[in-house]
Amino acid sequence: MPRRRKRDIIIKGFSKLLKEDKLKIVAELMDKQVEAMDLMMSFWHSDNKVQKIFDEFSENTISNFYIPYGVAPNVLINGKNYLVPLVIEESSVVAAASSSAKFWLERGGFKAEIIDTVKLGQVHFLWKGDKQKLLSVFDELKTFLRGATAKITANMEARGGGILDFELIDMTDKIPDYYQLLASFNTKDSMGANFINSCLEEFSVALKSFLGDHELFEGEEKEPQIIMSILSNYTPDCVVRSWVECDIEELDNVDDSMTGEEFASKFQLAVRIAEEDVYRATTHNKGIFNGVDAVVIATGNDFRAVEAAGHTYAARTGKYKSLSTVELKDGKFIYSLTLPMALGTVGGLTSLHPLAKQSLEMLGNPSAEELMMIAASVGLANNFAAVRSLVTKGIQMGHMKIHLMNILNHFEATDEEKTKAVEYFIGQKVSFNNVRQFLNKTRNLEK
Ligand code: MEV
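Note that this is a predicted model, so its numbers are computed, not measured.

> Talk me through the site of the ligand; I want residue IDs and the actual numbers.
Within the structure, the ligand sits among Glu-90, Arg-280, Thr-283, His-284, Lys-286, Gly-287, Asn-290, Ala-386, Leu-390 and Ile-395. A distance of 2.5 Å separates an oxygen atom of the ligand from a polar side-chain atom of Glu-90. In the complex, the protein chains occlude 87% of the 300 Å² of accessible area that the ligand would expose alone. Secondary structure elements with two or more residues in the shell around the ligand: helix H10 (278–298) and helix H14 (368–391). Broken down by element, the shell around the ligand gets its largest block of residues, six residues, from H10. Counted by class, the shell around the ligand contains three nonpolar, four polar and three charged residues.

Right under this line is the structure:
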């Protein structure tokens, strides 16, 4: 039996080790080292070529972490029906998205529109020069910056994208001598992070030489100090809106205990609470991201970027609020979600990850804009399902029903026990204890 490794040992050169050796080091931290190795290796892909792709996505890869890949059918958006791939570990999300999609399918489906697709990046720099002089040659600087990045932008321009504009942001009232060169971009169907960052790093070099060499600043301290150059994940001008609407009367059957009108006004109140109360807003928006993230992950996109932008956007007025809103007007229930989202359908993982590629094909190989509309609509679908449950039956009933399988798996229930449990728990409260009791009883009876 190999000796147990001490946890506090510093490991040098770990990244250079072979995968198997890294795995051994990790396994030495476990009680059952052989079993730990076997477990990790059992999640390796059987096709070495595929596994190599996954290994190379990241550093120090020793195994793969599985998350369920599900689909929500009947997601009707702008008259087009989608089967949407969702990658998510939380048991109720796919069911909620599907049930909401079906509900709205019968009421005209989701509508969605792109409000804009502008992405941003910043060169942050310190400069002691004369701002007015700089502004007087800003057009010249813009041309210079475009010229300096011509090689990087050629391909993007051929696809109809590229650099849109530049702005000088004076932040000297906050931090002495601090300015930003704010650049805007259209990255077409790519998320554009690499493109933007490459441009920005080139801008920073060009900015230095422009200011350093320009005769206008002769005799002044003219060289800027570049602090950093990076895209902003906040994209308040790369925004999608998705909405649903129906006659309030069409909500009559949502819940036996209330009329459509009562449901609509309780639902509206729940959303209003998420506009006023930051604790509720956080959970409300989390429910939106249940759906959004699941689509974003399934299509190989960056869910951290989408989340970060979404939460900043939710706080854009200075107060963190619900991202969705409800309007009751002229007998109509209008429910909408507006969200910034930087997505790509080319580049990045979208074609490298075999399942991301497949997800995009499942969606009919959408453009980035179409994918934004799909992700936002699924976010709205999940938000609707959550708030509908909350203002009617409560969340636990549906949640725990789906969670029943997780509890049964925890108790290592057999297929037969699972079938019996699913039948038994129709109309019964699902809880950890109740499932334990049910299984104990069933197992004792069977002895
Ligand atoms: C659970 O993942 C998400 C909900 O809490 C969202 C909400 O409360 O609106 C159900």
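Read on for the rest.
> Describe the sheet that holds strand E7 (residues 225–232), naming the residues involved and giving the relevant values.
Read from one edge to the other, the open sheet built from four strands follows the order E5-E6-E4-E7, with strand pairing classed as antiparallel. Across the chains shown, the open sheet's two edge strands, defined by having one partner strand only, are strand E5 (162–170) and E7. Mean inter-strand twist for the sheet, computed between neighbouring axes without regard to direction, equals 20°. Relative to strand E6 (residues 178–186), E5 runs antiparallel, the two being bridged by eight bridges. Residue Ile-169 lies in a different strand from E6, and its bridge partner there is Gln-180. Where helix H6 (residues 138–148) meets the sheet, it contacts E5 and E6, and its direction lies at approximately 135° from that of E5. Here helix H8 (residues 193–213) sits on the sheet in contact with strand E4 (119–126), E5, E6 and E7, set at roughly 160° to E7.

> Please set out the packing of aromatic side chains residue by residue, giving values where relevant.
Evaluation of the coordinates by the stated rule reveals 24 aromatic pairs. Between Trp-127 and Tyr-179, the ring centres sit 6.2 Å apart and the planes meet at 70°, which makes this aromatic pair edge-to-face. Here Tyr-179 lies in strand E6 and Trp-127 lies in the loop between E4 and helix H5 (131–136), a separation of 52 residues in the sequence. The pair Trp-127 / Tyr-179 is uniform in exposure class, with both members buried. When the ring of Phe-267 is compared with that of Tyr-335, the centres are 5.0 Å apart and the planes differ by 85°; the resulting orientation is edge-to-face. With Phe-267 in helix H9 (residues 260–276) and Tyr-335 in strand E10 (residues 332–340), this residue pair connects regions lying 68 residues apart in the sequence.

So, how was this worked out
- Residues numbered from 1 in each chain as written.
- Predicted model: local features only at pLDDT ≥ 70, side-chain atom pairs only at ≥ 80, totals over all residues.
- Heavy atoms only, no water.
- Near = heavy atom within 4 Å.
- Polar contact = N/O pair within 3.5 Å; in protein donor to acceptor, adjacent residues only side chain to side chain.
- Areas by Shrake-Rupley, 256 points an atom, 1.4 Å probe, with all protein chains shown as cover.
- Helix = DSSP H or I, 4+ residues; strand = E, 2+ residues; numbered from the N terminus.
- Nonpolar A, V, L, I, M, F, W, Y, C, P; charged D, E, K, R; others polar.
- Pairing = 2+ DSSP bridges.
- Axes fitted to C-alpha atoms, helices over the stretch in contact; angles between N-to-C directions.
- Contact = heavy atoms within 4.5 Å.
- Phe/Tyr/Trp six-rings, centres within 6.5 Å; stacked < 30°, edge-to-face > 60°.
- Buried < 20%, exposed > 50% of the residue type's maximum accessible area, 1.4 Å probe, protein only.

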